[in-house]
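# Results of the structural survey
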Amino acid sequence: MSTFIAFFKTILKFFISSPQIFFKDFIKERRYLHFICSILIVLPCLLFGYKYMDLENVPIVFIIFLGAFGAFVINWLREGYYEQYHNAFFDYLDVYAGAYGGIAAAIIYLIII
């Protein structure tokens with residue numbers, strides 16, 4: 001039960017953190033790079049899925065989930081790599097900014113298709 005509660009606290013923190021990501025030090029902390037790079041990585045992946053994996057018949061919510069989850073995982077792995085090998089600070093706000101970039105990529109995908 002505690003794992004279930006911890007999971008939902010993490011989800012809640014993701015949605016509550018958006019003012020910290022987009023308004024407070026968005027340029028200074030270089031979170032825009034996570035946002036833009038996530039769009040540039042996730043959008044071609046979604047287009048590939050449209051062409052080869054029949055994503056045209058998938059619900060819109062699942063497309064947005066794929067974009068957010070894919071970008072979250074990519075940014076989480078990147079932050080972990082830089083923490084382990086380059087002694088950088090692991091910042092979940094950077095990961096969340098990347099996940100929001102994945103959501104933006106999914107919305108762009110839905111507009112294009």
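First, a word on scope: everything that follows refers to the structure included in this document.

The next point concerns the state of the cysteines. Evaluation of the coordinates by the stated rule reveals zero disulfides. A disulfide-free cysteine, cysteine 37 has its sulfur positioned 13 Å from the sulfur of cysteine 45, the nearest such atom. Accessibility expressed as a relative area gives 48% for cysteine 45, which makes it partly exposed.

Turning our eyes to something else, we now look at the packing of helix H3 (residues 31-52) against helix H5 (residues 92-112). Running from N to C, H3 and H5 point in directions that differ by 40 degrees, and their axes come no closer than 7 Å. Here H5 runs oblique to H3, going by the angle between their axes. By crossing handedness, the relation of H3 to H5 is classed as right-handed. Across the interface between the two elements, Arg31, His34, Phe35, Ser38, Ile39, Val42, Leu43, Leu46, Leu47 and Tyr50 from H3 touch Leu93, Asp94, Ala97, Gly98, Tyr100, Gly101, Gly102, Ala104, Ala105, Ala106, Ile108 and Tyr109 from H5. Across the contact of H3 with H5, the residue classes tally to 15 nonpolar, five polar and two charged.

Together, Phe4, Ile5, Phe7, Phe8, Ile11 and Phe15 make up a nonpolar patch on the protein surface, roughly 610 Å² of accessible area in all. Residue phenylalanine 15 is classed as exposed on the basis of its relative accessible area, which comes to 52%.

What follows covers H3. With 22 residues, H3 ought to run about 32 Å at 1.5 Å a step, and its terminal C-alpha atoms sit 32 Å apart, in line with that. By the burial criterion, the buried members of H3 are Arg31, His34, Phe35, Ser38, Ile39, Val42, Leu43, Leu46 and Gly49. Buried residues along H3 cover an arc of 150 degrees about the axis, so they all sit on one side. What points out from H3, more than 90 degrees from its buried face, is the exposed set Leu40, Lys51 and Tyr52. Residues of H3 that are buried make contact with helix H2 (18-22), helix H4 (60-86) and H5.

Rules used in this analysis
- Residues numbered from 1 in each chain as written.
- Predicted model: local features only at pLDDT ≥ 70, side-chain atom pairs only at ≥ 80, totals over all residues.
- Heavy atoms only, no water.
- Disulfide = S-S within 2.5 Å.
- Buried < 20%, exposed > 50% of the residue type's maximum accessible area, 1.4 Å probe, protein only.
- Axes fitted to C-alpha atoms, helices over the stretch in contact; angles between N-to-C directions.
- Helix = DSSP H or I, 4+ residues; strand = E, 2+ residues; numbered from the N terminus.
- Parallel < 35°, antiparallel > 145°, perpendicular 65-115°, else oblique.
- Left-handed = near helix turned anticlockwise from the far one by under 90°.
- Contact = heavy atoms within 4.5 Å.
- Nonpolar A, V, L, I, M, F, W, Y, C, P; charged D, E, K, R; others polar.
- Patch = residues over 30% accessible without salt bridge, like charges linked within 9 Å, V, L, I, M, F, W, Y side chains within 5 Å.
- Areas by Shrake-Rupley, 256 points an atom, 1.4 Å probe, with all protein chains shown as cover.
- Salt bridge = Lys/Arg side-chain N within 4 Å of Asp/Glu carboxyl O.
- Expected span 1.5 Å × (residues − 1).
- Arc of directions from axis to C-beta.

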